Amino acid sequence: MSHADDHLSRRTFLAGAAALTATSLASSAAPAWAAPGASASSLGEWIEDGYGFPAYHYTGPMRFPNSPVRDRAPMIPDDPYFLTGNYRLTLFTHASGLYQILTGERAWGRMNQGDERWGGANSATIEVSGGQRHDLIGLDASAAIAATKRFGVGFARYDYILTPSLSVTRLLSVAPSTGVTEGTSAFLTHITLHNTGSAPLSIRYSELTRAYYQQLFAKWDVPQNGAIWPIDPATPPANGLVAASFTAKGTRKLIFPPRGEMSRYEQFPPTLFVKTISPGLTPVSYNDTSGHRNIGVTASLTLQPGETRTFAFITGYTRDLAAIPALCASLTAPASAKPLGSAFGHAWLHTLPNFSSESDPVLRREMLWNAAALEAMSTWREYYNETVVPQGTMYDYIWGNMASSRDLAQQALPFVHTNPAVARSTLRFIMKRILPDGTVQLNDEGFGWVPSGAQQTSDQQLYFFLLLAEYLRVTRDASVLAETIGYYPLENSGHGTGLAHVRQAFIFLRDRVGTGTHGIIRRWNSDWNDMFGWWVSAIPYNTEFEVGESHMNSAMAIVILGDLAAVIDALHLPGTTGSDATELTAAMREYRAEVQSAWDRDLDDRAFPRRAWMDARTPLGEDNMWLEPQGYTLLIPEFSVERKRRLFTQLQQRLLKGESQGPRQIEKPTPRSGTPQGSRENGGFWYALNGPVILGVATFDLAAARDLLHRMTFANYAQHFPDYWTGRWSASDSLDSSLLPTQGLSTAIPWCAHAHAWPLYCYLRLREQA
């Protein structure tokens, strides 16, 4: 299969794949774990826009004063929000009308930084005949509270009835990316005014965005003070354009490297701009009472009885002022736009897969929504010149950290089926994070800058292999193995073929991570579970690091190395690449056999695998089930169906009983400082752990796998938690389990790619099996 970015063929492929079976993934009757009679409509409802895409009509409150609080932060934040965007733009739109313009092309930064760390600043006001003034945006603005609010694929729409004779619509539209490195770093705003009365209305409209660039850092990150980005002196608006530029300044010497080299700090912040499209709009720039510059548009007009007037303007950012005309030209809305939806809805139709043959309305809606969410989150990174799906939530959108390689690999799995070009770009991105010795860098900040930290993970190579095996299996595109790709850091570490990167990563896993006393792959200070390296243990840290073993790593290796070796051999690579590949796959099989032999001895006749060996004599999870290794254990081909059923029975009794979304991570958590029992890595629910369980269960019980998939849906969340918005259209990476009264909540930003990627990927794989 070609890796060309053919959006139309993706829709055709998926429509055909869905038609392969008339059997829906839905169950005909509600399962026993459902919440019968619960209302899911207190915060709004799903609707369909004019293009057939799912959209959410939000009818809930702006503020949640009774939210539970943890770590001095509300678990149900005020002002619910949605994300739209493309590979060059991340736009959060809030129920209040506020928005956040994020750039992730180089460093993560916010172009319209608000007064709070998490928040943007923008305003819209309208003055009507007789001196009436209406603020359309704000948590406590009466017009914003009363507005009809709808959010969907590539749009946010707010409808206001301000007087008996005046209605206003604000529509923000984002165009999708059409190529793996392309995208428009701007959005189009339409303001529609309608006079339904019998008298003319004198109107003055104003919409402004704060011009304030701020690179994103964790609040405890002391080096964040190494640079500042003051705004440049204002220049008068001209030709319908107003712009605000920023200049990076180091607060000490040697903050910025030569151009093109990795940098902790944003050296070249973008320019924020607003460009008028319609006649009658005037670009403006002024400083507010707090000293912040605001840029935007104003319009003064008389609206006759029965008259409707629409104005349009573009808000965006760029590092090339000369490119603004072309950028704006790409946001010309077609005249055939539907009444409800993005002005670029037709373009989104050619971008997203087609699930129209799915008979279950919940799955049909949510899988399309998930695909759209992943497209909107995807971000091109200049340092690597590749596009990936960031994890989102706190990591990217608060801390400015593109973490981690294991997450990037998982989040690209559904794209193997729906957008192979981005899956391929993700593989190249991870390869460009690989050092010549096979180390896969965990994360980066700023412009390709990899921080030094306490985490020494042992599993990044395995997740890289997981994505590679799936990509090669589905696309048969072996060119990614033959291409010449740089090693990290890209500016001075040499190059090798894609296959050479795979070889080095495998050697690192086998010879550097290695195996421990029991032949189980070592854990170092963390595998998937980052908290192993942070929690206090009675076992000395150096002993855990050198001797500790991970059953999750071993189960993954048995499954993934077998799959990867088989698919590489099946490709019959030519020439030197082929002979190198043959040697590599033979080594993979040899190592897999060694690990599996040790695994079988360790498991013996146990119903489920241990979680880890903390040292040579101290097992973890002997009779306290941990979810991490179970999904991949169920995927081991040599593991008999009888033993799979036995394991799954234990999982249902120990981890699934009493849970609404899916099995929790630990059967009986233990007290951990800062992580309550039933939360996050101490017994929470995780999309990234439930996904492999679904795939494993599907190997022997497709109906049970479907049931687990339904549990992970946003519809199921709404049934169980009708007063929480934080899991209705996206969610954090982890939710509190039934062990806590805050079940279903999280302290993290509730927009994470895992909540979309794993349900979509599992759905696609189950349809494939059906």
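Look up: the structure comes first, before these words.
So, here is what we can say about the structure in this document. (Residues numbered from 1 in each chain as written. Predicted model: local features only at pLDDT ≥ 70, side-chain atom pairs only at ≥ 80, totals over all residues. Heavy atoms only, no water.)

Some points on the overall build of the protein
The number of helices and strands found in the protein is 21 helices and 34 strands. For a compact globule of 770 residues, the expected C-alpha radius of gyration is about 27 Å, and the protein comes in at 26 Å, within 12% of that figure. Expressed as lengths along the three principal axes of its C-alpha atoms, the size of the protein is roughly 85 × 65 × 50 Å. A total of 770 residues make up the protein; the buried ones form 63% of that total. When contacts within the protein are restricted to residue pairs at least 6 apart in sequence, those whose partners lie at least 24 apart make up 69%. By element, 53% of the accessible surface of the protein is carried by carbon and sulfur atoms, the whole surface being about 27,300 Å². Mean positive and mean negative side-chain charge positions of the protein (64 and 71 charges, respectively) differ by 2 Å. (Helix = DSSP H or I, 4+ residues; strand = E, 2+ residues; numbered from the N terminus. Rg over C-alpha atoms; globule rule 2.2 N^0.38 Å. Buried < 20%, exposed > 50% of the residue type's maximum accessible area, 1.4 Å probe, protein only. Contact = heavy atoms within 4.5 Å. Areas by Shrake-Rupley, 256 points an atom, 1.4 Å probe, with all protein chains shown as cover. Lys, Arg positive; Asp, Glu negative; His and termini not counted. Charge placed at Lys NZ, Arg CZ, Asp CG, Glu CD.)

Comments concerning the packing of helix H12 (residues 498-513) against helix H15 (residues 575-603)
Here H12 crosses H15 at 20°, and the two axes come no closer than 11 Å. One way to sum up the angle between H12 and H15 is to call them roughly parallel. Relative to H15, H12 is oriented so that their crossing is left-handed. On the side of H12, the interface is formed by Leu499, Val502, Arg503, Phe506, Leu509 and Arg510, while H15 contributes Thr577, Asp580, Ala581, Leu584, Ala587, Met588 and Tyr591. A per-class count over the contact of H12 with H15 returns nine nonpolar, one polar and three charged. (Axes fitted to C-alpha atoms, helices over the stretch in contact; angles between N-to-C directions. Parallel < 35°, antiparallel > 145°, perpendicular 65-115°, else oblique. Left-handed = near helix turned anticlockwise from the far one by under 90°. Nonpolar A, V, L, I, M, F, W, Y, C, P; charged D, E, K, R; others polar.)

Here we look at the packing of helix H9 (residues 420-432) against helix H10 (residues 460-475)
Two elements in contact, H9 and H10, have axes whose closest approach is 10 Å; the angle formed by their N-to-C orientations is 145°. H9 and H10 meet at a crossing whose hand is left-handed. From H9, Pro420, Ala423, Arg424, Thr426, Leu427, Ile430 and Met431 reach across to H10, where they touch Phe464, Leu467, Leu468, Tyr471 and Thr475. A per-class count over the contact of H9 with H10 returns nine nonpolar, two polar and one charged.

Observations regarding the environment of Pro237
Tracing the backbone shows Pro237 in the loop between strand E17 (227-228) and strand E18 (241-244). Sequence separation between Pro237 and Ala343 is 106 residues; the distance between their C-alpha atoms is 26 Å. Filtering out sequence-adjacent residues up to four positions away, Pro237 remains in contact with Val242, Pro283 and Val284.

Things to note about the sheet that holds strand E10 (residues 132-135)
Pairing in this open sheet of five strands is antiparallel, and the strands run E10-E9-E15-E22-E21 from one edge to the other. The open sheet is flanked by E10 and strand E21 (282-287), the only strands paired with a single partner. Strand-to-strand twist in this sheet, taken as the mean axis angle between neighbours without regard to direction, amounts to 25°. By the bridge criterion, six bridges tie E21 to strand E22 (residues 293-303) in an arrangement that is antiparallel. Of the residues in E22, the one forming a bridge with Thr282 is Thr298. (Pairing = 2+ DSSP bridges.)

Observations concerning the sheet that holds strand E6 (residues 89-94)
Adjacent strands of a sheet form backbone hydrogen bonds with each other and so pair up, either parallel or antiparallel. Strand order in the open sheet formed by five strands is E5-E6-E7-E8-E16, and the pairing between neighbours is antiparallel. The open sheet terminates on both sides in strands that have one partner only, identified here as strand E5 (81-86) and strand E16 (214-215). Bridge analysis of E5 against E6 gives six bridges, and the strand direction is antiparallel. Of the residues in E6, the one forming a bridge with Leu83 is Phe92. Strands in contact with helix H5 (residues 361-377) are E5 and E6; relative to E5, the strand with the most contacts, it is inclined by about 65°.

Observations regarding the nonpolar core
Counting residues in each nonpolar core, the largest one holds 223 residues, and the members touching the most others are Ile126, Leu136, Phe465, Val502 and Leu564. Here this core gets 13 residues from one element, more than from any other, and that element is helix H14 (residues 551-571). When sequence neighbours within four positions are dropped, the list of residues in contact with Leu564 reads Phe465, Leu468, Ala469, Leu472, Val502 and Met588. Met614, Leu620, Trp626 and Ile666 belong to the second-largest nonpolar core, a separate cluster that totals seven residues. (Core = buried A, V, L, I, M, F, W, Y, C linked by side-chain atoms within 4.5 Å.)

Thoughts on the environment of Phe355
Mapped onto the secondary structure, Phe355 falls in the loop between helix H4 (345-349) and H5. Separated by eleven residues in sequence, Phe355 and Glu366 place their C-alpha atoms 9.9 Å apart.

Quick notes on empty space enclosed by the protein
Within this structure, the stated rule accounts for four cavities of 30 Å³ or more. The calculated volume of the largest cavity comes to roughly 70 Å³. Every residue along the wall of the largest cavity is listed here: Leu83, Thr84, Gly152, Val153, Gly154, Trp348, Trp369, Ala372, Ala373, Ala376 and Trp751. Breaking the lining of the largest cavity down by element, the ones donating at least two residues are E5 and H5. (1 Å grid on protein atoms, 1.4 Å probe; cavity = no way out; pocket = protein on both sides within 12 Å on 5 of 7 lines; lining within 4 Å. Points joined across faces, edges and corners; volume = space filled by probe spheres on them.)

A look at the pattern of salt bridges
In total, this model carries 50 salt bridges according to the counting rule given. We note a salt bridge from Arg319 to Glu105, for which the minimum N-O separation is 3.1 Å. Taken together, the residues span a long stretch of sequence, with Arg319 in the loop between strand E23 (308-318) and helix H3 (324-329) and Glu105 in the loop between strand E7 (99-103) and strand E8 (109-110) at a distance of 214 residues. Between Asp159 and Arg150 there is a salt bridge, and its shortest N-O distance comes to 2.6 Å. By the burial criterion, Asp159 is buried, and Arg150 matches it. One continuous salt-bridge network, built from bridges that share partners, spans Arg88, Glu105, Arg106, Glu266, Arg319 and Glu382. (Salt bridge = Lys/Arg side-chain N within 4 Å of Asp/Glu carboxyl O.)

What about the side chain of Asp360?
Along the polypeptide, Asp360 turns up in the loop between H4 and H5. Buried within the structure, Asp360 lacks any salt-bridge partner; its nearest side chain of opposite charge belongs to Arg364, at an N-O separation of 6.8 Å. One polar contact links Asp360 to His710, side chain to side chain, over a distance of 3.3 Å. (Polar contact = N/O pair within 3.5 Å; in protein donor to acceptor, adjacent residues only side chain to side chain.)

Examining the layout of surface pockets
Counted as a void, the second largest pocket has a volume near 430 Å³. Lining the second largest pocket are 19 residues, with Glu470, Val559, Asp563, Leu635 and Arg765 positioned closest to its centre. Counting only elements with at least two residues in the lining of the second largest pocket, the list comes to H10, H14, helix H18 (687-697) and helix H21 (754-769). Residues belonging to the lining of the second largest pocket are distributed by class as follows: twelve nonpolar, two polar and five charged.

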